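Tertiary structure, described
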Amino acid sequence: MTRYPRPIPDRHLRPPMGWNSWDCYGTTVTEDEVLANAMFMHEHLLAHGWDTVVVDIQWYEPTARAHGYNPDAPLVLDGHGRQLPAVNRFPSAADGAGFAPLADRVHQLGLRFGLHIMRGIPRRAVAARLPVMGTDFTADEIADTDSVCPWNSDNYGLNHDHPGAQAYYDTQVAQFAMWGVDFIKADDMLFPYHEREIAAYARAIARSGRPIELSLSPGTDVSVAHLDHLRENATMWRVCDDLWDRWEDVEAQFARMARWAPWQGAAATGGSAAVGWADADMLPLGRIGIRAERGDDRLCSLTRPEQISLLTLWLISRSPLMMGGDLPTSPPETIELLTNDEALTLLWHSTDNREVLREKDLILWTAQDTDGRTRYAAVFSLADAPRRVTVPLGSLGARPHDQVRELWTRTDTPHDGRSLVTDLPAHGAVLLRLGQDVR
């Protein structure tokens, strides 16, 4: 008999799980706030697989504010055009220490440290013609000033026909590695798809000598046609624009994750050992908007059933999980969802995850447990009102004598051997484990 919950596998065999500062602090997070979330993760979430703390965008911007970006921001750079933490927000970075002291504190908690970076090279480095470390080139010679991000004015892209472009990424990532960075979220990479930038950044990571995971954003209109290239170069990649606590944002993910779910994890055929994960974006749960880009200080606006539907879809599609809410001040009910090991087992130990039915407001997903005996199913209602749903067991991959257990409530669900009847709230879901001895 398989015991549940199952042990957490090595992190290289499962989607990344962590916390990111964006949904609650936007561009403005401070060292104390990062450490508060890291300590909470160590105490309450690490035992459930959550192990990565990520400082999001503009950690090098001393005048960062909520609700947008400052034009021509006074970015903190070293003499070679590489970003340095703003000391007024990250005091341990003083005297050229960078993120090394903060990363060390995070590592002492048994966690991994990550940061966000924009594609390309700072415009201020280009204007100042700063030298590229280890070369005879200057920033203005390697920049592609026609390649700009449509929503942030900090950087230019790089001209990868020039050897100094790769050299700049190599030295930037080498500094991150020296600080002890374990995870890099590289932004403005996928819309449009910057193939050469992605490959150059992955090459810089490989040359750094440190095993750093690469996450790519933002993911608007990213195509499965890029799958092989994504797997070769990144650990995870977004498949959407920023997702917030609105039901329409969550509902749009059903079609996207149905497209990507069959390709999650390792390559199914061929000689590639690459493992990668399509990312449905951060979880805008708990307390968000404290000093964020979008909205004001609030608790997640999704209803409890909508939050369960979101998590159910992320789990059964095996998306990475990056919590966006401030952990220490989020409600206990949110933390309870994030630490439900019976539900998380689906993320850790499943295969053949796929949408099997979509008719009007009803969506069904199924998956297999890697134990070879147990199956999972999710039943979603997109309807705006509560409804009773009758689902044939065969549509869920279940057999007449299977036991059925609902994983969010941790309760057994009776059935008549032919079909399962469940009452779903508006925009609600149930997450089921099917088989013998499934408690």
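Refer to the structure printed above.
Small disclaimer: the values here were computed from a predicted structure and weren't measured. (Residues numbered from 1 in each chain as written. Predicted model: local features only at pLDDT ≥ 70, side-chain atom pairs only at ≥ 80, totals over all residues. Heavy atoms only, no water.)

**A look at the packing of aromatic side chains**
Under the counting rule described, the total for this entry stands at 13 aromatic pairs. Seen in terms of ring centroids, Y69 and W151 are 6.0 Å apart; in terms of plane orientation they differ by 40 degrees. Their pairing is tilted. Highlighted residues: Y69 in the loop between β2 (52-55) and α3 (100-108) and W151 in the loop between β5 (143-148) and β6 (155-158), separated in sequence by 82 residues. A residue is classified by how much of its surface remains accessible, and W151, at 33% relative accessible area, is partly exposed. Among the aromatic residues, those joined into a ring-pair cluster are W59, Y60, F90, F99, F113, F176 and W179. (Phe/Tyr/Trp six-rings, centres within 6.5 Å; stacked < 30°, edge-to-face > 60°. Helix = DSSP H or I, 4+ residues; strand = E, 2+ residues; numbered from the N terminus. Buried < 20%, exposed > 50% of the residue type's maximum accessible area, 1.4 Å probe, protein only.)

**Quick word on the sheet that holds strand β17 (residues 375-381)**
Overall, antiparallel pairing links the six strands, which are arranged β15-β16-β17-β22-β19-β20 in an open sheet. The sheet is open, and its two borders are formed by β15 (350-359) and β20 (411-412), each paired with just one other strand. Bridging between strand β19 (residues 403-406) and β20 involves two bridges; their strand directions are antiparallel. Among the inter-strand pairings, E406 is bridged to a residue of β20, identified as T411. (Pairing = 2+ DSSP bridges.)

**Details of the environment of W247**
Structurally, W247 is set in helix α9 (residues 247-260). You can call W247 buried: its relative accessible area is 10%. Between the C-alpha atoms of W247 and G26, which are 221 residues apart in sequence, the distance is 21 Å. Excluding anything up to four places from it in sequence, W247 contacts F254, L302, E306, S309, L382 and H427. Engagement of the side chain of W247 in a polar contact is seen with the side chain of H427, the distance being 3.4 Å. (Contact = heavy atoms within 4.5 Å. Polar contact = N/O pair within 3.5 Å; in protein donor to acceptor, adjacent residues only side chain to side chain.)

**Some thoughts on the sheet that holds strand β11 (residues 275-279)**
Spatially, nine strands are ordered β10-β11-β9-β8-β7-β3-β2-β1-β14 in an open sheet, and the strand pairing comes out mixed. Two strands close off the open sheet at either side, each with one partner strand: β10 (265-266) and β14 (321-323). Bridge count for strand β3 (residues 112-118) against strand β7 (residues 183-187) is five bridges, and the pairing is parallel. Looking at the pairing, H116 lines up with K185 of β7.

**Considering the packing of helix α10 (residues 304-316) against helix α12 (residues 341-348)**
Packed helix pairs are characterised by how far apart their axes lie and by the angle those axes make with each other. Remark: α10 packs on α12, axes separated minimally by 7 Å, with the N-to-C direction vectors making an angle of 35 degrees. Counted together, W314, L315 and I316 of α10 and A343, L344, L346 and L347 of α12 form the full contact between these two elements. When its residues are assigned to classes, the contact of α10 with α12 shows seven nonpolar, no polar and no charged. (Axes fitted to C-alpha atoms, helices over the stretch in contact; angles between N-to-C directions. Nonpolar A, V, L, I, M, F, W, Y, C, P; charged D, E, K, R; others polar.)

**Notes on the environment of R259**
Mapped onto the elements of the fold, R259 is located in helix α9. On the accessibility criterion, R259 (41% relative accessible area) is partly exposed. In sequence terms R259 and S223 are 36 residues apart; their C-alpha atoms lie 9.4 Å from each other.

**What about a negative patch on the surface?**
On the surface, E248, E251, D361 and D384 cluster together to form a negatively charged patch. Exposure remark for D361: the relative accessible area of 35% places this residue in the partly exposed category. (Patch = residues over 30% accessible without salt bridge, like charges linked within 9 Å, V, L, I, M, F, W, Y side chains within 5 Å. Areas by Shrake-Rupley, 256 points an atom, 1.4 Å probe, with all protein chains shown as cover. Salt bridge = Lys/Arg side-chain N within 4 Å of Asp/Glu carboxyl O. Lys, Arg positive; Asp, Glu negative; His and termini not counted. Charge placed at Lys NZ, Arg CZ, Asp CG, Glu CD.)

**Brief notes about the pairing of β2**
Of the two faces of β2, the one carrying T52 and V54 and the one carrying V53 and V55 are both buried. Across three bridges, the pairing between strand β1 (residues 17-20) and β2 is parallel. Among the inter-strand pairings, G18 is bridged to a residue of β2, identified as T52. Inspection of the sheet shows β2 paired to β3 by four bridges, in the parallel sense.

By themselves, these are just geometric observations and shouldn't be taken as functional.
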